[in-house]
Amino acid sequence: MAVLYTIAIILGVIVVYVLVNTLRLKKAVTNLTQEQFIQGYRKAQLIDVREVKEFEAGHILGARNIPSTQLRQRYKEVRSDLPVYLYCQNSGRSARTALFLKKKGYNQVYQLQGGFKTWTGKVKTKA
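For the structure given in this document, a descriptive report is provided here.

What counts, and at which threshold
Residues numbered from 1 in each chain as written. Predicted model: local features only at pLDDT ≥ 70, side-chain atom pairs only at ≥ 80, totals over all residues. Heavy atoms only, no water. Phe/Tyr/Trp six-rings, centres within 6.5 Å; stacked < 30°, edge-to-face > 60°. Lys NZ or Arg CZ within 6 Å of the ring centre and 35° of its normal. Helix = DSSP H or I, 4+ residues; strand = E, 2+ residues; numbered from the N terminus. Expected span 1.5 Å × (residues − 1). Buried < 20%, exposed > 50% of the residue type's maximum accessible area, 1.4 Å probe, protein only. Patch = residues over 30% accessible without salt bridge, like charges linked within 9 Å, V, L, I, M, F, W, Y side chains within 5 Å. Areas by Shrake-Rupley, 256 points an atom, 1.4 Å probe, with all protein chains shown as cover. Salt bridge = Lys/Arg side-chain N within 4 Å of Asp/Glu carboxyl O. Lys, Arg positive; Asp, Glu negative; His and termini not counted. Charge placed at Lys NZ, Arg CZ, Asp CG, Glu CD. Pairing = 2+ DSSP bridges. Right-handed = clockwise from strand over helix to strand, strands pointing away. Contact = heavy atoms within 4.5 Å. Axes fitted to C-alpha atoms, helices over the stretch in contact; angles between N-to-C directions.

Evaluation of the coordinates by the stated rule reveals seven aromatic pairs. Through a chain of ring-to-ring contacts, three or more aromatic side chains come together here, namely Phe37, Tyr41, Tyr85, Tyr110 and Trp119. In this arrangement the basic side chain of arginine 50 is found over the ring face of phenylalanine 116, its NZ or CZ atom lying 4.3 Å from the centre.

Listed below in structure tokens is the structure:
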């Protein structure tokens with residue numbers, strides 16, 4: 001019986017952790033549809049947070065690559081006085097990146113809802 005209580009407590013803690021983390025990520029970033037994203041990204045910093053190989057395989061025209069794994073060392077390359085438009089493959093990494101940037105004082109952080117996999121606009125690939 002004690003084992004069941006322990007398992008229930010562990011599962012409860014995991015559920016609470018996931019919920020809290022999800023709420024934190026939602027507060028850190030504004031999700032934009034592709035249409036909203038297109039309207040604003042030319043006046044902003046467009047950053048692809050995927051890894052270099054993913055970026056080279058295809059990225060939104062005009063984006064620059066700062067992989068989320070390098071962000072702690074490279075975040076100062078991103079201007080805090082301009083809007084930041086982020087995307088990754090499906091929104092997970094860009095949401096975590098947005099949370100990190102918010103903690104560093106960036107206030108205008110947006111992400112492409114659904115990520116690059118839902119993008120139907122212009123794409124550039126490395127030849």
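Here the narrative resumes, following the displayed structure.
Attention now moves to helix α5 (residues 92-103). Here α5 spans 17 Å end to end across 12 residues, near enough to the 16 Å set by a 1.5 Å rise per residue. Buried within α5 are the following residues: Ser94, Ala95, Thr97, Ala98, Leu99, Phe100 and Leu101. At the exit of α5 stands glycine 105, carrying a positive phi of roughly 100°.

Before going further, it helps to spend a moment on a positive patch on the surface. Positive charge collects at one region of the surface, where Arg24, Arg72, Lys76, Lys103 and Lys104 lie side by side. Mapped onto the elements, lysine 103 comes out in helix α5.

With three bridges joining them, strand β1 (residues 30-32) and strand β6 (residues 109-112) adopt parallel strand pairing. In the sheet register, asparagine 31 faces β6, and the bridge partner there is glutamine 111. Bridge count for strand β5 (residues 84-87) against β6 is three bridges, and the pairing is parallel. When the sheet's bridge partners are listed, tyrosine 85 is paired in β6 with tyrosine 110. Once you follow β5 into α5 and on to β6, the crossover reads as right-handed.

Spatial strand order, β1-β6-β5-β2-β4: five strands in an open sheet with parallel pairing. Both edges of this open sheet fall to β1 and β4 (64-65), since each of them pairs with a single strand only. The pairing of strand β2 (residues 45-48) with β4 spans two bridges and is classified as parallel. When the bridges of β4 are listed, isoleucine 47 appears paired with arginine 64. Packed onto the sheet, α5 meets β5 and β6 and runs at close to 150° relative to β5.

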